[in-house]
Amino acid sequence: MNETVKQRILDTIEEYETVIVSRHIRPDGDAVGASMGLTKLLRDTYPEKHIYLTDDDFSSYLAFCGGEDEVPEEAYQDALLLVVDTGTRARISNRNYKRAKTVIKIDHHIEADPYGDINWVEDFRSSACEMIADFYLTFKDRLRISREAATYIYMGMVTDSGRFRFEGVTGETLRLAGALLDCGVDYETLFAHLYSEEPSSLKFKSYVYDHIRITEHGVAYLYMDKATQEKFSLSFEDASAVVSELDGIKGSLIWVAFIENTAKGNIRVRLRSRFLGINDLAIKYHGGGHNMAAGATVFSEAEMYDLISDADELLRAYKAEHGDKI
Ligand code: AMP
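The shown structure was predicted, so the numbers you read here are calculated from the model rather than taken from an experiment.

A.B. asks: I'd like a description of the domain arrangement of the chain, backed by residues and values.
C.D. replies: Entries for the chain in the domain assignment read domain 1 (2–194) and domain 2 (199–322). Look at where the C-alpha atoms of domain 1 and domain 2 centre, and you get two points 28 Å apart. With eight residues of domain 1 at the contact, the number on the domain 2 side is eleven residues. Carbon and sulfur atoms make up 44% of the area that domain 1 and domain 2 hide from each other, which totals about 820 Å². Here domain 1 and domain 2 share one salt bridge between them. Aspartate 247 is the partner of arginine 165 in a salt bridge, and the nearest nitrogen-oxygen pair spans 3.4 Å. The class makeup of the residues in the side of domain 1 that touches domain 2 is one nonpolar, four polar and three charged.

A.B. asks: Would you mind going over the packing of aromatic side chains in detail, with residue names and values included?
C.D. replies: Using the criterion set out here, one finds seven aromatic pairs in the structure. Taken together, a centroid distance of 6.5 Å and an interplanar angle of 80° make the contact between tyrosine 221 and phenylalanine 258 edge-to-face. Here tyrosine 221, found in strand β7 (residues 220–224), pairs with phenylalanine 258, found in strand β8 (residues 254–261); they are 37 residues apart in sequence, far enough to count as distant. In terms of burial, tyrosine 221 and phenylalanine 258 fall into one category: buried. Following the ring pairs from residue to residue traces out a cluster consisting of Trp120, Phe135 and Phe139. Above the ring of tyrosine 46, the side-chain terminus of lysine 49 is found at 5.0 Å from the ring centroid.

A.B. asks: Help me get a handle on the site of the ligand, residues and values and all.
C.D. replies: Looking at the ligand, there are 13 residues lining it, with Arg91, His109, Arg268, Arg270 and Arg272 nearest. Here arginine 272 contributes a side-chain N or O atom positioned 3.1 Å from an oxygen atom of the ligand. Within the complex, 84% of the 470 Å² of free accessible area of the ligand lies under protein. Secondary structure elements with two or more residues in the shell around the ligand: β9 (266–273), β10 (288–289) and β11 (293–298). Grouping the constituent residues of the shell around the ligand by class yields two nonpolar, seven polar and four charged.

A.B. asks: Provide a residue-level description of the side chain of arginine 23, including the pertinent values.
C.D. replies: Mapped onto the secondary structure, arginine 23 falls in the loop between β1 (18–22) and α2 (29–45). Given a relative accessible area of 2%, arginine 23 falls into the buried group. At 2.9 Å, the side chain of arginine 23 and the side chain of serine 35 are in polar contact. At 2.7 Å, the side chain of arginine 23 forms a polar contact with the side chain of glutamate 68. With residues up to four places along the chain from it excluded, the contact list for arginine 23 reads Ala31, Val32, Ser35, Met36, Leu53, Asp55, Glu68, Val84, Thr86, Arg91, Ile92 and Ser93.

A.B. asks: I'd like a rundown of the pairing of strand β4 (residues 102–107), residues and numbers included.
C.D. replies: Each regular strand carries side chains that alternate between the two faces of the sheet. With respect to burial, β4 is a largely interior element, six of its six residues being buried. The side-chain alternation of β4 yields two buried faces, one formed by Thr102, Ile104 and Ile106 and the other by Val103, Lys105 and Asp107. Bridge count for strand β3 (residues 79–84) against β4 is five bridges, and the pairing is parallel. Bridge pairing in β4 places leucine 82 opposite isoleucine 104. As paired elements, β4 and strand β5 (residues 118–121) share four bridges and run parallel to each other. The partner of aspartate 107 across the bridge, within β5, is valine 121.

Rules used throughout
Residues numbered from 1 in each chain as written. Predicted model: local features only at pLDDT ≥ 70, side-chain atom pairs only at ≥ 80, totals over all residues. Heavy atoms only, no water. Domains from an automatic or database assignment. Contact = heavy atoms within 4.5 Å. Buried area = accessible area lost by both parts, 1.4 Å probe. Salt bridge = Lys/Arg side-chain N within 4 Å of Asp/Glu carboxyl O. Nonpolar A, V, L, I, M, F, W, Y, C, P; charged D, E, K, R; others polar. Phe/Tyr/Trp six-rings, centres within 6.5 Å; stacked < 30°, edge-to-face > 60°. Helix = DSSP H or I, 4+ residues; strand = E, 2+ residues; numbered from the N terminus. Buried < 20%, exposed > 50% of the residue type's maximum accessible area, 1.4 Å probe, protein only. Lys NZ or Arg CZ within 6 Å of the ring centre and 35° of its normal. Near = heavy atom within 4 Å. Polar contact = N/O pair within 3.5 Å; in protein donor to acceptor, adjacent residues only side chain to side chain. Areas by Shrake-Rupley, 256 points an atom, 1.4 Å probe, with all protein chains shown as cover. Pairing = 2+ DSSP bridges.

This is how it looks when you write it as structure tokens:
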């Protein structure tokens, strides 16, 4: 069935002279990789079309990937909009998305909002970039891929799968990644970007390790209030990246970062887990996402502690049934 959807997507792209690519707010490596990779793929294949990449947001962590385009508002009325890696319409980082003539959703989140005129959703995929790689390989006789495009798509596969570690990685994931490597992915530069950090960020990490809290049954969490974000001169996005520092603590199968968002008057929640799912917990707190990586929002410190107790109970019940796990 998805073969038909992919064919419809290619046919629709070929029909339009103007194609706009968008991704989700607060873009991560997958959102940036899928949008940049797809944009490059289409520009290289169809040099005569107007292909734009647009985003209302900016992610400093991925600044090395380059910028976005200004899209004239009048371009939308005859345009095709391709939205990648974005589960719900509220998360589309394009305030003009409703103006597009046709919208296509290409996504790997659990389907909650089929906002596209065409929806290609495969929640078993480890990244949206895996779908873009699959799209390229399905039509490789018709599409042209450059080293740059392959590198962007590979970047999303690598980052969203935790370097091919997370649930959802399959033999197919690695076959697709292998096909991209054959297109000349520049992994040396890519990994240099992904792993280099400013010396000041090491000071921040040492603060983080000192302030991680662990609940009775092992939920690791950290609250980054505004004062701490200011103390370390962190953007909201940089402060949010703290969730990855909570990974890898023995017995802490659930870890959660809370980031105070004074601009919105709420607290962003980033939830991660291994062995057990936390998506239902995220849904309970106004969020969602994947089984083991989800986002939510709480509106007070009291609600934050409610979420922590719910997470602790979830982990208690899991350990009672399955015993201690790494
Ligand atoms: P994050 O912690 O923001 O990286 O989110 C982890 C995963 O959950 C990502 O795939 C997000 O796209 C998804 N996600 C985050 N917040 C929400 C939300 N409020 N509703 C639905 N999905 C979300």
